[in-house]
Amino acid sequence: MQALLNEILDQVRPLIAQGKVATYIPALADVALDQLGIAVYGNDGELFTAGDAHTPFSIQSISKVFSLVQAIQHSGESIWERLGHEPSGQPFNSLVQLELENGRPRNPFINAGALVISDINQSRFAAPALSMRDFVRRLSGNPHVVIDRHIADSEYQHRARNAAMAYLMQSFGNFHNDVEMVLRNYFSYCALSMSCVDLVKAFCFLARDGFCKHSGEQILSARQTQQVNSIMATSGLYDEAGNFAYRVGLPGKSGVGGGIVAIVPGQYTICVWSPGLNKAGNSLAGMAALEVLSDRIGWSVF
Ligand code: GLU
């Protein structure tokens, strides 16, 4: 595995130059393009890393899985009264579908859906951002995970589109808390700073029927774990989820910070990071690395 990871990073490294860092969040535009890391974590506890696997980066939309899991933990099936679990086929920050579908987001991994989930968490926690930070610290076994305030503030200053979605949902009665407060917490979730190693550890419960071995907690039931993985497989990579299923064949979740997490159910958790994005907003070199890895080992769940 170690030799394979080194080989794959060498193979995809030339692609880095073709990607573009996200610039619509100014603080993310400062991230150096020339970075690439991968971590693979086996359910037996074996950890393999290559490249910049220990460098923290902005997890962005990868946090949408954590907030969904928190919401399932405290509210269970009732969350689906407020949003769906269908792919959207639209860009992650699109307003069009939301208007046509009466303010009910298609799924929790587009921004509108994640905002509804943040609203649900806002009703449950006194300090949602701190609850989230502590949750991922427990999941990852790393007590030093922090929220990057510079990035969270930068996102809040440039919140127009996310704010538009939240207010639109409020107008349909699908938003219960103060919009600005929920936006602040949503951006704090996105601004969590974690490395590939932190993320494979934090996500390994999805490869282990819901059990997190660092905290010793059953995070989700085995059935709920299958359901979260299924939403990742159908909606985890923006409107490129079909391409990801075709090329990689695993449940996954990406973020505009350039990270992608993928789950090999029952076996492994993978995280790859390279900040240069393709047109759909997914890490360009990261997608390529996962494709080669999955192909070489035969990991596609299909
Ligand atoms: N914080 C970003 C936003 O709301 C998340 C985008 C992403 O990673 O997809 O626009």
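Residues numbered from 1 in each chain as written. Predicted model: local features only at pLDDT ≥ 70, side-chain atom pairs only at ≥ 80, totals over all residues. Heavy atoms only, no water.

1. Here's the deal with the overall build of the protein
Our working rule: Secondary structure elements follow DSSP: runs of H or I no shorter than four residues count as helices, runs of E no shorter than two count as strands, and numbering proceeds from the N terminus. What the globule rule says is 2.2 Å times the number of residues to the power 0.38, and the radius of gyration is computed from C-alpha atoms. To sort residues, take the accessible area from a 1.4 Å probe on protein chains only and compare it with the maximum for the residue type: under 20% means buried, over 50% means exposed, and anything in between is partly exposed. Residue contacts are counted whenever heavy atoms from the two residues lie within 4.5 Å of one another. Only the protein chains shown count as cover for residues, and the accessible areas themselves come from Shrake-Rupley with a 1.4 Å probe. The charge count treats Lys and Arg as positive and Asp and Glu as negative. His and the chain ends do not count. Throughout, a charge is located at the NZ atom of Lys, the CZ atom of Arg, the CG atom of Asp or the CD atom of Glu.
Secondary structure assignment for the protein yields 13 helices and 10 strands. The C-alpha atoms of the protein give 18 Å as radius of gyration, which agrees with the globular expectation for 302 residues (19 Å, within 12%). Taken over the C-alpha atoms alone, the protein extends approximately 55 × 40 × 35 Å along its principal axes. The buried share of the protein, taken over its 302 residues, is 58%. Residue pairs in contact within the protein that sit at least 24 positions apart in sequence constitute 69% of those at least 6 positions apart. For the protein, the accessible area works out to roughly 11600 Å², and carbon and sulfur atoms hold 50% of it. Once the 22 positive and 26 negative side-chain charges of the protein are each reduced to a mean point, those two points are 2 Å apart.

2. Thoughts on unusual backbone geometry
A positive phi angle is found at Gln 60, which is not glycine, with a value near 50°. Its place among the elements puts Gln 60 in the loop between strand 3 (57-58) and helix 3 (63-75). Given the relative accessible area of 3%, Gln 60 is considered buried. A positive phi angle, near 55°, is found at Asp 209, a position not held by glycine. In this fold, Asp 209 is placed in the loop between helix 10 (196-203) and strand 6 (211-212).

3. Looking at the packing of helix 5 (residues 111-124) against helix 8 (residues 160-171)
Heads up, the condition is: To get an axis, a line is fitted to the C-alpha atoms, and for a helix only the part in contact is used. The angle between two axes follows their N-to-C directions and goes from 0 to 180 degrees. A crossing counts as left-handed when the near helix is turned anticlockwise from the far one by less than a right angle, and as right-handed when that turn is clockwise. The residue classification treats Ala, Val, Leu, Ile, Met, Phe, Trp, Tyr, Cys and Pro as nonpolar and Asp, Glu, Lys and Arg as charged. All others, Gly included, are polar.
Running from N to C, helix 5 and helix 8 point in directions that differ by 65°, and their axes come no closer than 10 Å. The element helix 5 and its partner helix 8 pack so that their crossing is right-handed. Residues Asn 111, Ala 112, Leu 115 and Val 116 of helix 5 form the contact with helix 8, whose participating residues are Asn 162, Met 165, Ala 166 and Met 169. The class makeup of the residues in the contact of helix 5 with helix 8 is 6 nonpolar, 2 polar and no charged.

4. Here's the deal with the site of the ligand
Operational definition: Each residue is tested against the molecule or strand, and it is near if at least one of its non-hydrogen atoms lies within 4 Å. Any N or O atom pair separated by 3.5 Å or less is treated as a polar contact, with the protein-specific requirement of one donor-capable and one acceptor-capable atom, and with residues adjacent in sequence counted only for side-chain atom pairs.
The immediate surroundings of the ligand are formed by 13 residues, with Gln 60, Ser 61, Glu 155, Tyr 186 and Tyr 238 found nearest. The backbone of Val 256 places a nitrogen or oxygen atom 2.9 Å from an oxygen atom of the ligand. For the ligand, whose free accessible area comes to 290 Å², the fraction covered by protein is 99%.

5. Re the UniProt feature "binding site: substrate" (unreviewed entry) in the protein
Here is the rule: UniProt positions are given in the numbering used here, feature names are shortened, and annotations may be inferred rather than shown by experiment.
According to UniProt, the "binding site: substrate" (unreviewed entry) feature falls on Ser 61, Asn 111, Glu 155, Asn 162, Tyr 186, Tyr 238 and Val 256. By the element assignment, Tyr 238 lies in the loop between helix 11 (222-235) and helix 12 (241-247). Every residue in contact with Tyr 238, bar those within four places of it in the chain, is listed here: Ser 61, Phe 92, Lys 253, Ser 254, Gly 255, Val 256, Ala 280, Gly 281 and Asn 282. Mapping Val 256 onto the fold places it in the loop between strand 8 (252-254) and strand 9 (259-264). Under the relative-accessibility criterion, Val 256 is labelled buried at 6%. Sequence-distant contacts of Val 256, that is, excluding residues within four places in its chain, are made with Ala 22, Tyr 24, Ile 25, Leu 28, Gln 60, Phe 92, Tyr 238, Leu 277 and Gly 281.

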